Amino acid sequence: PIVITGFMACGKTQVARALARRLNLTAVDLDNKIATRYGRTAAQLIVDEGEPAFRAIETRTLREVLESHKPCVIALGGGAWITEQNRNLIAEHGGVAVLLDPPFELCWQRIEAAEEERPLGRTREQAESLFRARRPVYQLANIRIPVVAHDTVDELVTRIETQLKS
């Protein structure tokens, strides 16, 4: 499996879908899979149940996806890669982790423009603190793809493909 990780609003879902199409694989959005199963979005689960309960659900769901042994591209939630157990699961299943790595300012512009609820990034200060705290763990990914505002999804997918081949 190929997992796409990175901070909230960095483009994980769009890139995972496009990469899966290009590689003729199934795309799995972990947050969408959780929302379908539990009838609530990741944001709602975090608000209703708390972040630790959500992270346990996230790990269970990731395990199920990985144990299906279907070749796929998985868009992780912004915090999934931060959990060591998830990184270990991905490694145990031979997964390759790809970090989409934009500057915080680009993520914040996208967060502000989106209508999606972000309970862990409600204010710029809260989001920026989380970004800085998570960044060293994101850097543990196998492949790092820098992202700038003018990058298209196709350009990012091409860069990922090049890295995967090497």
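That block above? That's the structure.
Residues numbered from 1 in each chain as written. Predicted model: local features only at pLDDT ≥ 70, side-chain atom pairs only at ≥ 80, totals over all residues. Heavy atoms only, no water.

Before going further, it helps to spend a moment on the packing of aromatic side chains. Applying the stated criterion to the full structure yields four aromatic pairs. Relative to phenylalanine 131, the ring of phenylalanine 7 lies with its centre 5.2 Å away and its plane at 90°, an arrangement referred to as edge-to-face. Here phenylalanine 7 is found in the loop between β1 (2-5) and α1 (12-23), whereas its partner phenylalanine 131 is found in helix α7 (residues 124-138), with 124 residues between them in sequence. The class for phenylalanine 131 is buried, based on a relative accessible area of 8%. On the basis of an interplanar angle of 65° and a centroid distance of 5.5 Å, the ring pair of phenylalanine 104 and phenylalanine 131 is categorised as edge-to-face. On the criterion of sequence distance, the pair formed by phenylalanine 104 in helix α6 (residues 104-113) and phenylalanine 131 in helix α7 is long-range, its members being 27 residues apart. For the pair phenylalanine 104 and phenylalanine 131, one class covers both residues: buried. Cluster of aromatic residues (ring-pair linked, three or more members): Phe7, Phe104, Trp108 and Phe131. (Phe/Tyr/Trp six-rings, centres within 6.5 Å; stacked < 30°, edge-to-face > 60°. Helix = DSSP H or I, 4+ residues; strand = E, 2+ residues; numbered from the N terminus. Buried < 20%, exposed > 50% of the residue type's maximum accessible area, 1.4 Å probe, protein only.)

This paragraph deals with the sheet that holds strand β2 (residues 26-29). With parallel pairing, the five strands of this open sheet are ordered in space as β2-β3-β1-β4-β5. The sheet is open, and its two borders are formed by β2 and β5 (143-146), each paired with just one other strand. Adjacent strand axes in the sheet meet at a mean angle of 20° when their direction is disregarded. For strand β4 (residues 96-101) and β5, the ladder comprises four bridges, and the chain directions are parallel. Within β5, the position partnered with valine 98 by the bridge is isoleucine 143. Set on the sheet, α1 makes contact with β1, β2, β3 (72-75) and β4; between it and β3 the angle comes to about 175°. Against the sheet, helix α8 (residues 153-165) contacts β1, β4 and β5, and its axis sits at roughly 155° relative to β5. (Pairing = 2+ DSSP bridges. Axes fitted to C-alpha atoms, helices over the stretch in contact; angles between N-to-C directions. Contact = heavy atoms within 4.5 Å.)

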